[in-house]
Structure formats: structure tokens, C-alpha cells
Amino acid sequence: MEKGLNRNQLKYIAIITMIVDHIAFLFIPFHTSTYKAFRFIGKLTAPIMCYFLAEGYIYTSSKSKYATRLLIFAIISQVAFSLAFYNKIFTFNFNMIFTLLISFVVLLSYEKIKNKFVKWIAVSSLVILSYFSDWGIFAPLWVLCFYILKGKKTKQAVSYYILTTLVIILKCVIINNYSWNNVLIHLGLFLFIPILYLYNGEKGKNNKFNKWFFYIFYPLHLIILYLV
């Protein structure tokens, strides 16, 4: 066994940081240091999910089954997401699994469309579409970066750093009330870079259980937080 962290261990880290982030968002006053610290740590979740989506796309034996699985759990999760964050049965702000589904289609478009002009129109349109879902814009760009530079950790890390910095700057320009607190919290995204180097490329044990656990946990924890 190689030193470092395997895929399952990193996914469990993502689950823990996601819980921390959502607890802060839903229950802790936003002006407190605890809120800022929890949300800073919570920013680690999204890039880990995106990294393993790119890996999953590369190694899956059936892209159609993978996409269908994402679609089903995105639909299931939408009610839980809407209740937890908007106190509504449904909202047109979509959950993270929808964002991952869009990112998956971005990779399909990049791989399958041969005409370069049509390819980048499709990719750009999907990235813009992701704006209406959790971690929109960020996620599909990260996924595409991780996929194109697969197996090249240093280039992935540098590209991730540049993309993340540019999107944070873009948010500051577009969103008038995007405060310095938001900027500081989003600096937690850069925690992913050392995590990327710690990843040893191994799957870990109990892969069948972990595969379904990660999908089921997302809507389940949102429902629990809503009920609390």
C-alpha cells in the first residue's frame, strides 16, 4: 500500500467538510469567527468531488450508466436541497449533483464532438448553464482541467490555482455585494492543492459500499439538517 490518502479516504474527508460547511451555513451566525472557519474548511468538498468525477469519467465501464446515476440522484437530491437551503419543496437553484451531471456532459462534449468550434460552443454553453446550480462555473472548469491534465499532478495543481483565482476575481466583479469575508472564505479552496499531492491513486476497500454510500449520503444529510 502506498503512503498518502486513497480515494475512499478523500471522499470521507469531503463528506466531513461538507457537513461542517452546511452546519455553518444553516445554524451559525454569519458574522462569527466559527462561521468563517467552518465555511473555509468546507470549501474543500467541491474540488474533491470534481476531481473524482473526472477520474470516474476516465475509468467507468459505462458512461451512460454513470450519467443516468447522476441524473437520478440529482433529481432525488433536489427536494432535500431545496428544503434545507430555501425551505421550499423545489427551487430553480439546483444541487451539486446536477452540477456534476453538467460537468460530466462537458467531458462528453469535449471528448465526442470532433468539430473544435462546435465543441467549445457546447462546452461554454454548459459552463454558463451551470451558473444556476451549486458550485456553478467553478465545477465544470475544474472537472475539465482535471480531465485534460490527467496523470499530471503539478499541471493540475497549477491550472486549478489559476482557474480558482480567476473565478473568484470574476465573482468579485460581477457580484456587487461580494465581500472580503466571502473572498477569505473562498481561499479555503486552495486547501485542495496539498490534498491533491497526498492522493496516492489507490481506490481503498469496500468500493461497492462506498460507491452507493456517497450518493445516498448527500440527500440524506440534507433532509436530516432540514429536520433539525
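Rules of the game
Residues numbered from 1 in each chain as written. Predicted model: local features only at pLDDT ≥ 70, side-chain atom pairs only at ≥ 80, totals over all residues. Heavy atoms only, no water. 1 Å grid on protein atoms, 1.4 Å probe; cavity = no way out; pocket = protein on both sides within 12 Å on 5 of 7 lines; lining within 4 Å. Points joined across faces, edges and corners; volume = space filled by probe spheres on them. Nonpolar A, V, L, I, M, F, W, Y, C, P; charged D, E, K, R; others polar. Core = buried A, V, L, I, M, F, W, Y, C linked by side-chain atoms within 4.5 Å. Buried < 20%, exposed > 50% of the residue type's maximum accessible area, 1.4 Å probe, protein only. Contact = heavy atoms within 4.5 Å. Axes fitted to C-alpha atoms, helices over the stretch in contact; angles between N-to-C directions. Helix = DSSP H or I, 4+ residues; strand = E, 2+ residues; numbered from the N terminus.

Digging into empty space enclosed by the protein
The probe, sized like a water molecule, is rolled over the atoms to show the empty space still left.
Right, so step 1: Within this structure, the stated rule accounts for 1 cavity of 30 Å³ or more.
Right, so step 2: If you go around the largest cavity, the residues you meet are Leu10, Ile48, Tyr51, Phe52, Phe192, Ile195, Leu196 and Tyr199.
Right, so step 3: For the lining of the largest cavity, the class distribution of residues is 8 nonpolar, no polar and no charged.

With respect to the nonpolar core
Right, so step 1: Judged by nonpolar contacts, the single largest core of 62 residues is most densely connected at Leu70, Trp142, Phe146 and Phe192.
Right, so step 2: Discounting chain neighbours no more than four positions away, the residues touching phenylalanine 146 are Pro47, Cys50, Tyr51, Ala54, Gln156, Tyr160 and Phe192.

With respect to the packing of helix α3 (residues 45-59) against helix α4 (residues 63-86)
Right, so step 1: Viewed as axis vectors pointing N to C, α3 and α4 meet at an angle of 145°, and their least axial separation amounts to 9 Å. Of the residues in α4, those touching α3 at Phe52, Leu53, Gly56 and Tyr57 are Lys63, Tyr66 and Leu70.
Right, so step 2: Among the residues making up the contact of α3 with α4, the classes are represented as 5 nonpolar, 1 polar and 1 charged.

Re the layout of surface pockets
Right, so step 1: In this structure, the second largest pocket spans a volume of roughly 840 Å³.
Right, so step 2: Lining the second largest pocket are 31 residues, and of these Lys11, Phe52, Tyr66, Lys211 and Tyr215 lie nearest its centre.
Right, so step 3: Those elements giving two or more residues to the lining of the second largest pocket turn out to be α1 (7-27), α3, α4, α5 (96-112) and α11 (207-227).
Right, so step 4: Considering each element in turn, the lining of the second largest pocket owes the most residues, 8 residues, to α3.
Right, so step 5: Residue composition of the lining of the second largest pocket, by class: 16 nonpolar, 8 polar and 7 charged.

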